[in-house]
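# Secondary and tertiary structure notes
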Amino acid sequence: MQSRHVVLLLMAVGFLGFGAPCVATSAHAEVAPAARVSVHYQDPHEFTESREAGFTHEYNHGDYLQRLQKFLIARATPMVAPGDHLAITFTNIKLAGGYEPWLGPRWNDVRFMRNRYPPRFDLNFKLTAADGQVIREGTRKLVDYSYLMNSGATGSSDALRYDKALLARWLSRGPANW
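Criteria and cut-off values
- Numbering of residues starts from 1 in each chain and follows the order in which that chain's sequence is written.
- Only residues with pLDDT of at least 70 get local features here, since the model is predicted, and only at 80 or more are side-chain atom pairs given and counted; chain-wide, interface and lining totals rely on the full set of residues.
- Note that the side-chain values use all heavy atoms of the structure and ignore hydrogens as well as water.
- Numbering of helices and strands runs from the N terminus, with a helix taken as a DSSP run of H or I at least four residues long and a strand as a DSSP run of E at least two residues long.
- Per-residue accessibility, obtained with a 1.4 Å probe over protein chains only, is compared with the maximum for each type, and a residue is labelled buried under 20%, exposed over 50%, and partly exposed between these values.
- Contact definition: two residues touch when any of their heavy atoms are within 4.5 Å.
- With residues, only the protein chains shown are counted as cover, and all accessible areas are computed by Shrake-Rupley using a 1.4 Å probe.
- Any carboxyl oxygen of Asp or Glu within 4 Å of a side-chain nitrogen of Lys or Arg constitutes a salt bridge here.
- For two strands to pair, DSSP has to find at least two bridges joining them.
- Between the N-to-C directions of two axes lies an angle of 0 to 180 degrees, each axis being a line fitted to C-alpha atoms and, for a helix, fitted only over the stretch in contact.
- Each residue gets a pLDDT score, which is the predictor's confidence in that residue and runs from 0 to 100.
- Angles below 35 degrees are treated as roughly parallel, those above 145 as roughly antiparallel, those between 65 and 115 as roughly perpendicular, and all remaining angles as oblique.
- Take the far helix as the reference: if the near one is turned anticlockwise from it by less than a right angle, the crossing is left-handed, and if turned clockwise, right-handed.
- The criterion for an aromatic pair is that two Phe, Tyr or Trp rings (for Trp, the six-membered ring) have centres within 6.5 Å, with stacked assigned to planes under 30 degrees apart, edge-to-face to planes over 60 apart and tilted to the rest.
- Residues belong to a common nonpolar core when they are buried Ala, Val, Leu, Ile, Met, Phe, Trp, Tyr or Cys residues joined through side-chain atoms within 4.5 Å.

### Examining the overall build of the chain
What the chain contains, in helices and strands, is four helices and six strands. Taken over 178 residues, the chain has a buried fraction of 37%. For the chain, restricting intrachain contacts to residue pairs at least 6 apart in sequence, the fraction spanning at least 24 positions comes to 64%. Accessible surface computed for the chain: about 11,200 Å², of which carbon and sulfur atoms make up 56%.

### Here we look at the pattern of salt bridges
Here the structure, examined in full by the defined rule, presents nine salt bridges. The salt bridge partner of glutamate 49 is lysine 94, with a shortest N-O separation of 3.8 Å. Taken as a pair, glutamate 49 in helix H2 (residues 48-53) and lysine 94 in strand S2 (residues 85-94) lie far apart in primary sequence, 45 residues in all. Residue glutamate 49 shares its accessibility class with lysine 94, and that shared class is buried. Ionic contacts of the salt-bridge type, sharing partners, join the residues Asp63, Arg67, Asp158 and Lys164 into one network.

### Concerning the sheet that holds strand S6 (residues 134-143)
Within a beta sheet, neighbouring strands are joined by backbone hydrogen bonds and run either parallel or antiparallel to one another. If you trace the four strands from one edge of the open sheet to the other, you get S1-S2-S5-S6, paired in mixed fashion. Because the sheet does not close on itself, it has two edges, and the strands there are strand S1 (37-41) and S6. Neighbouring strand axes in the sheet, compared pairwise and without regard to direction, differ in orientation by 15 degrees on average. Contacts from helix H3 (residues 63-76) reach S1, S2 and strand S5 (120-128) within the one sheet, and its direction differs from that of S1 by about 155 degrees.

### Details of the confidence of the model for the chain
Looking at the chain as a whole, its pLDDT mean stands at 80, while 74% of the residues score no less than 70. At the level of individual helices and strands, the chain shows its lowest average pLDDT in helix H1 (residues 2-16), which scores 41, and its highest in S5, which scores 98. Counting contacts from residues 1-32, a segment whose pLDDT is below 50, to residues more than four positions away or on other chains yields seven contacts.

### Some points on the packing of H3 against helix H4 (residues 161-172)
Where H3 contacts H4, the axes come no closer than 11 Å and their chain directions differ by 30 degrees. Overall, the two elements H3 and H4 adopt an arrangement that is roughly parallel. The two elements H3 and H4 meet at a crossing, and its hand is right-handed. Where H3 abuts H4, its residues Arg67, Leu68, Phe71, Leu72, Arg75 and Ala76 lie against Lys164, Leu167, Ala168 and Leu171.

### Regarding the packing of aromatic side chains
Counted under the stated rule, the structure contains seven aromatic pairs. Aromatic side chains phenylalanine 90 and phenylalanine 121 sit 5.8 Å apart centroid to centroid with 65 degrees between the ring planes, which places their arrangement in the edge-to-face category. Taken together, the residues phenylalanine 90 in strand S2 and phenylalanine 121 in strand S5 connect sequence positions 31 residues apart. For the pair formed by phenylalanine 90 and phenylalanine 121, the shared burial category is buried. Pairing tyrosine 147 with tyrosine 162 gives two aromatic rings, centres 5.1 Å apart and planes at 80 degrees, and the pair type is edge-to-face. With a gap of 15 residues between them, tyrosine 147 in the loop between S6 and H4 and tyrosine 162 in helix H4 connect regions that are remote in the sequence. Note on accessibility: tyrosine 147 and tyrosine 162 belong to one class, buried.

### Structural notes on the nonpolar core
The tendency in soluble globular proteins is for nonpolar side chains to be buried side by side. Formed by 28 residues in total, the largest nonpolar core has its most connected members in Leu68, Leu86, Phe90 and Ile93. Every element with two or more residues in this core is listed here: S1, H3, S2, S5 and H4. Residue contributions to this core peak at six residues, all from H3. Excluding its chain neighbours within four sequence positions, the residues that come into contact with isoleucine 93 are Tyr41, Phe47, Thr48, Glu49, Tyr64, Leu65, Leu68, Arg120 and Phe121.

Okay, here's the thing in structure tokens:
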């Protein structure tokens, strides 16, 4: 009887958010597979995007980092074999477009899409097998100077469409060519 009260108390604490969530387990419970893809950001406050626009603009509240992370995980997971793991660490990000403060205060928060402001991503990646053996690793500097003519991004209203298109093209090469 007392153990039942302890279980109920632990579940209540987990439900209210006072600790780790409690989940009843049994011998037949399914265990979620380990994530095949992880995305990390090394010093995001030092990214070119952060220095140029600051963390005051809508893209730079960190929201764009979460959106890019979610996008990459969704795109890369089917490409990574079960049991393998792809770790991507961004060391610098500059989103497509740029600000032109010399146009006056009314234009301070307007991101202009011009060829001279291409999206850029500096990243490190490591693809490891289930046994921990490194399959492939490297450093990449991705940039798309013709992003405005990229047919993969046109027609979309996503504010990160050009950035996502560049990352999607890199991923589409497949693990053997990353």
